[in-house]
Amino acid sequence: MLGDVQVLEVSGQVSAAFAGKLLAGFGAEVVKLERYPAGDPTRDPDGPDPALFLFLNTGKRAVTANLAHPDGRELLYRLLPCFDVLLVDTTGLAEEHGVEHSPELPVERLPEQFPRLVVVATSPFGATGPYHGFAGSEHTIFHAGGEGYLLGAGLLHEQFPDRPPVGAGGHLAGYQTGLTAATGALAALLDRDHTGRGQFVDVSAQDAQLSLNHLPVMRFFDGVLETTASRGFTFGGVMPCADGYVEVLPLEEHQWQDLVGLMGNPQWAADERFATGRDRARHGREVNQHLREWMRTRKRDQLAAIGQTSACPIAPYYDVDEAMATPHARERGSFQRIDHPRAGPGSYPRMPFRLGTGGEPIDERPAPGLGEHTTEIYGSYLGMSAAEIDGLRSRGAL
Amino acid sequence: MRLDGVRVLDFGWVWAGAVPGQMLGFLGAEVIKVETRKRLDYMRVGRPIVGTEPDPEQQPMFHNVNRGKRSLTVDFRSDAGRELILELVRHCDVAIENFAPGVLDRAGLGYERLAEQRPDLVMLSLSGGGQQGPLRELRSYASTIAAYSGLDSLAGYPGEEPIGIQQAYPDPNASLHGAFALLAAIYRRNQTGLGEHIDVSQLEAGLATVGEAVVAVDLLGGDPPVVGNGGYGGEAFQACLRCRGEDSWVTVQAEGPEDLRRIAELLGVDPAGTPEAIEQALSGWCLDRDHVEAMEVLQAAGVAAGAVTDAGDRFHHPHYRSRGTYLETEHPVIGWEMVYREPWLWWGETGQVGRAPLMGEDNEYVVRELLGRSAADYAHLVETGVLQ
């Protein structure tokens with residue numbers, strides 16, 4: 001779909017790399033420019049590249065440049081007019097490359113020099129405002145975005161009121177920021193078709209996070225500040241069963257009735273204290289005790305099968321390997337095998353889009369090695385000879 | 001604007017279905033939300049802000065995921081309603097829906113039928129399990145998807161019972177994936193004139209955001225660890241530390257020796273101390289400080305720190321004020337209201353986006369102006385309950 005789009009990615013975190021992966025998945029040519037000599041910080045300099053790097057960089061090609069070296073910066077300036085989009089996860093390129101005493105390349109100014117260039121910059125708190133330039137990591141961004149504050153709520157909070165809020169695992173903040181950046185890149189490209197001009201798109205990881213956080217914010221505007229003590233559905237949730245866990249959420253009346261039927265219309269459920277949704281919410285802890293008691297003796301997959309045929313949402317609590325092994329994932333082709341020359345063959349999630357008329361998204365190429373395409377890219381984009389490239393290499397510019 | 005001239009027929013509802021249309025609206029598209037009074041959008045249901053009667057116009061959440069849209073209230077299962085939609089789609093570039101698979105087909109409005117009217121239509125179908133596969137009929141909330149996709153299995157305190165991610169993440173996640181795919185397909189349509197039908201499964205979109213765990217499980221074996229507030233290795237330490245006041249916390253990430261030195265110098269302790277010793281000293285230091293102050297002092301020293309904020313902290317904070325993260329608006333029914341702005345700034349600016357529509361607010365515009373139907377025809381559609 002994006003076969004004629006050229007993207008240059010300079011990233012050190014999840015967000016810009018994920019945006020690049022998404023664009024590559026739809027066929028854009030994505031060139032990842034890595035700092036010399038260490039490479040992307042999500043690589044492992046001493047061993048094979050970790051799973052995070054392998055996943056985030058499928059479909060890309062890789063070059064190196066040393067932006068601390070004037071010749072390295074010159075290379076970047078020569079590359080920029082060849083590209084439609086620059087994806088970057090900082091507001092200063094030189095700084096990103098770990099260079100303390102070299103001039104910054106302020107990315108927000110680049111479209112002034114390269115009028116057709118779309119610059120999409122992700123940063124922890126955005127390119128403007130008092131926190132502009134503040135550092136951030138997945139851990140700090142997730143928690144600052146508000147969802148961390150509320151994680152570990154409900155019953156758990158009653159049991160352990162003094163524990164800190166907890167992270168959700170993975171890199172949810174990074175992925176949301178990357179998605180926001182990728183949509184921003186396409187929107188700016190569509191705009192360029194009208195105006196002929198590129199622009200600077202500022203994506204704050206905080207803003208991307210906050211848009212997940214609608215409900216607590218709505219309640220706040222409504223005069224109620226949600227806390228870990230008050231958060232959460234008042235009944236339902238994750239419950240242990242005989243051989244694992246299930247997630248149960250019978251919010252609507254017909255779902256509740258279905259669940260009561262499945263449980264064989266137990267006497268407790270007929271109690272008037274549980275008559276309406278509001279009543280059940282008021283006595284949520286008791287409802288949960290009864291539900292847990294019933295779930296405890298039953299098998300997870302049996303409960304899940306019931307959940308698929310009844311109106312009541314009951315979901316099996318899958319580990320990642322179980323989520324990969326479902327017949328549903330097999331039939332849809334949710335995963336693809338990619339053979340990486342060093343890491344070997346492995347399963348990767350396919351781009352989560354099935355297309356009706358235009359074929360499947362393309363993302364089969366394995367993540368590139370450090371500088372794997374340096375000669376090829378500088379040759380084809382800048383017309384440099386092998387001797388010139390060797391010269392730069394010997395001067396430490398790449 | 002970026003999508004000026006693009007018109008969207010938007011059947012999307014609740015949260016995951018509403019957001020892709022809103023995103024296109026943020027970018028300048030005209031988005032026509034198709035609604036029915038027979039079954040209200042779940043986001044229009046809830047307790048009222050003014051008075052005591054239920055009112056579909058008084059739901060802030062609806063206002064936040066449907067900004068800038070128009071509303072057409074039509075019974076599209078009636079013959080005349082279906083005809084109206086088939087006529088309308090000729091004037092539209094994009095269609096969006098998140099009903100259970102097959103619902104639109106049964107109403108005679110599936111992709112094939114719509115694309116007959118508009119061959120270069122770009123359409124997004126978004127559902128829990130996607131349009132194909134054994135779980136296509138799965139009835140799901142976001143929490144169902146979080147359990148099925150393995151997202152839940154990574155959350156919680158290490159070594160304890162799982163707690164799940166306890167938020168609706170799979171909804172906004174799938175809707176952002178949907179918006180991205182729509183933009184890519186619009187881009188290609190502009191180049192080639194080809195339409196597209198995009199099938200997004202919330203389950204797969206969830207799996208895509210645990211991608212590194214998928215790859216790790218397959219290459220390395222074993223389950224990915226539940227790390228809680230810890231990291232995946234490499235960092236000196238990362239922690240969530242108690243601050244002064246009730247339920248007040250700050251997160252800190254010390255990447256390596258450089259960060260340890262910065263923290264030690266700030267606290268006046270031995271920079272050669274172990275990461276544990278420095279973390280210990282820091283946790284004592286935080287106890288005497290407000291969480292936002294702790295964050296700002298640590299950041300000034302060059303350390304990645306984030307105050308754990310609640311909705312009120314962020315709303316009142318100068319940073320979010322200065323970036324206009326929340327917009328003050330006037331709603332015709334509930335009056336003053338705060339909404340989120342779009343998630344990008346363009347050269348530091350935000351787009352001009354109107355409020356969410358009242359039900360059927362644009363019936364006349366769509367039927368009379370866009371479709372050019374007569375006043376008598378319009379009145380008849382209203383009388384017969386086709387337009388509600």
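Criteria and cut-off values
Residues numbered from 1 in each chain as written. Chains lettered and ligands numbered in written order. Predicted model: local features only at pLDDT ≥ 70, side-chain atom pairs only at ≥ 80, totals over all residues. Heavy atoms only, no water. Patch = residues over 30% accessible without salt bridge, like charges linked within 9 Å, V, L, I, M, F, W, Y side chains within 5 Å. Areas by Shrake-Rupley, 256 points an atom, 1.4 Å probe, with all protein chains shown as cover. Salt bridge = Lys/Arg side-chain N within 4 Å of Asp/Glu carboxyl O. Helix = DSSP H or I, 4+ residues; strand = E, 2+ residues; numbered from the N terminus. Domains from an automatic or database assignment. Pairing = 2+ DSSP bridges. Contact = heavy atoms within 4.5 Å. Axes fitted to C-alpha atoms, helices over the stretch in contact; angles between N-to-C directions. Buried < 20%, exposed > 50% of the residue type's maximum accessible area, 1.4 Å probe, protein only. Phe/Tyr/Trp six-rings, centres within 6.5 Å; stacked < 30°, edge-to-face > 60°. Lys NZ or Arg CZ within 6 Å of the ring centre and 35° of its normal.

A. Spotlight on a nonpolar patch on the surface. On the surface, Leu251 of chain A together with Leu40, Tyr42 and Val45 of chain B cluster together to form a nonpolar patch covering roughly 320 Å² of accessible area. Tracing the backbone shows Leu251 of chain A in the loop between strand E8 (244-248) and helix H11 (253-262).

B. Here's a closer look at unusual backbone geometry. With phi around 45 degrees, Asn265 of chain A is a residue other than glycine that occupies positive phi space. In this fold, Asn265 of chain A is placed in the loop between H11 and helix H12 (277-282).

C. Expanded view of the domain arrangement of chain A. Taken domain by domain, chain A consists of domain 1 (6-212 + 330-394) and domain 2 (237-323). The C-alpha-based centres of domain 1 of chain A and domain 2 of chain A are spaced at 41 Å.

D. Structural view of the sheet that holds strand E4 (residues 94-97) of chain B. If you trace the seven strands from one edge of the open sheet to the other, you get E12(A)-E6(B)-E5(B)-E4(B)-E1(B)-E2(B)-E3(B), paired in mixed fashion. One side of each edge strand has no neighbouring strand; the edge strands of this open sheet are strand E12 (354-355) of chain A together with strand E3 (70-73) of chain B. As judged from the four bridges shared by strand E1 (residues 7-10) of chain B and strand E2 (residues 30-35) of chain B, these two strands associate in the parallel manner. Each residue of the ladder has a partner; that of Asp10 of chain B, found in E2 of chain B, is Lys33 of chain B. Against the sheet, helix H7 (residues 170-192) of chain B touches E4, strand E5 (122-127) and strand E6 (196-201) of chain B, its axis set at about 165 degrees to E5 of chain B.

E. Seen up close, the interface of chain B and chain A. Contacts between chain B and chain A engage 131 residues on the former and 138 residues on the latter. For the pair chain B and chain A, the interface holds nine salt bridges. Taking the shortest distance from any N to any O, the salt bridge between Glu204 of chain B and Arg354 of chain A comes out at 3.5 Å. It is H7 of chain B that provides the largest number of residues to the side of chain B that touches chain A, a total of 15 residues. Two elements, strand E6 (residues 200-204) of chain A and strand E12 (residues 345-346) of chain B, share two bridges in a ladder whose sense is antiparallel. Looking across to E12 of chain B, one finds that Val201 of chain A is bridged to Trp346 of chain B.

F. The arrangement of the pairing of strand E8 (residues 249-254) of chain B in detail. All names here are of chain B. Taken across its six residues, E8 has six buried, putting it largely inside the fold. Burial along E8 is two-sided: Trp249, Thr251 and Gln253 facing one way and Val250, Val252 and Ala254 facing the other are all buried. Pairing between strand E7 (residues 237-242) and E8: six bridges, direction antiparallel. Among the inter-strand pairings, Leu241 is bridged to a residue of E8, identified as Val250. As paired strands, E8 and strand E9 (residues 304-307) are joined by four bridges and run antiparallel to one another. Paired with Thr251 across the strands is Gly306, a residue of E9.

G. Geometry of the pattern of salt bridges. The final tally for this structure, using the stated rule, is 50 salt bridges over all chains. A salt bridge links Arg192 of chain A to Asp84 of chain A; the shortest N-O distance between them is 2.8 Å. With Arg192 of chain A in helix H8 (residues 172-195) and Asp84 of chain A in the loop between helix H3 (70-79) and strand E4 (85-88), this residue pair connects regions lying 108 residues apart in the sequence. Judged on exposure class, the residue Arg192 of chain A and its partner Asp84 of chain A are both buried. Between Arg261 of chain B and Glu265 of chain B there is a salt bridge whose closest N-O contact spans 3.3 Å. Here the residue Arg261 of chain B and the residue Glu265 of chain B both occupy positions in helix H10 (residues 257-267), the gap between them amounting to four residues, near one helical turn. Each member of the salt-bridge network shares a partner with another, and the members are Glu258, Asp259, Arg261, Arg262 and Glu265 of chain B.

H. Focus on the packing of aromatic side chains. In the structure shown here, the tally under the stated rule is 23 aromatic pairs over all chains. Between the aromatic rings of Phe125 of chain A and Phe134 of chain A, the centroid separation amounts to 6.1 Å while the plane-to-plane angle is 85 degrees, which identifies the pairing as edge-to-face. One exposure class covers both Phe125 of chain A and Phe134 of chain A, and it is buried. Note on Tyr326 of chain B and Tyr340 of chain B: the rings are 5.4 Å apart at their centroids and 40 degrees apart in plane angle, and the pair reads as tilted. Highlighted residues: Tyr326 of chain B in strand E10 (residues 326-331) and Tyr340 of chain B in strand E11 (residues 335-340), separated in sequence by 14 residues. For the pair shown, Tyr326 of chain B and Tyr340 of chain B are each scored as buried. Feature note: the residues Phe220 of chain A together with Phe315, Tyr326 and Tyr340 of chain B constitute an aromatic cluster, connected by ring pairs. Above the ring of Phe62 of chain B, the side-chain terminus of Arg44 of chain B is found at 3.8 Å from the ring centroid. Over the face of the ring belonging to Tyr365 of chain B we find Arg70 of chain B, whose NZ or CZ atom lies 3.8 Å from the ring centre.

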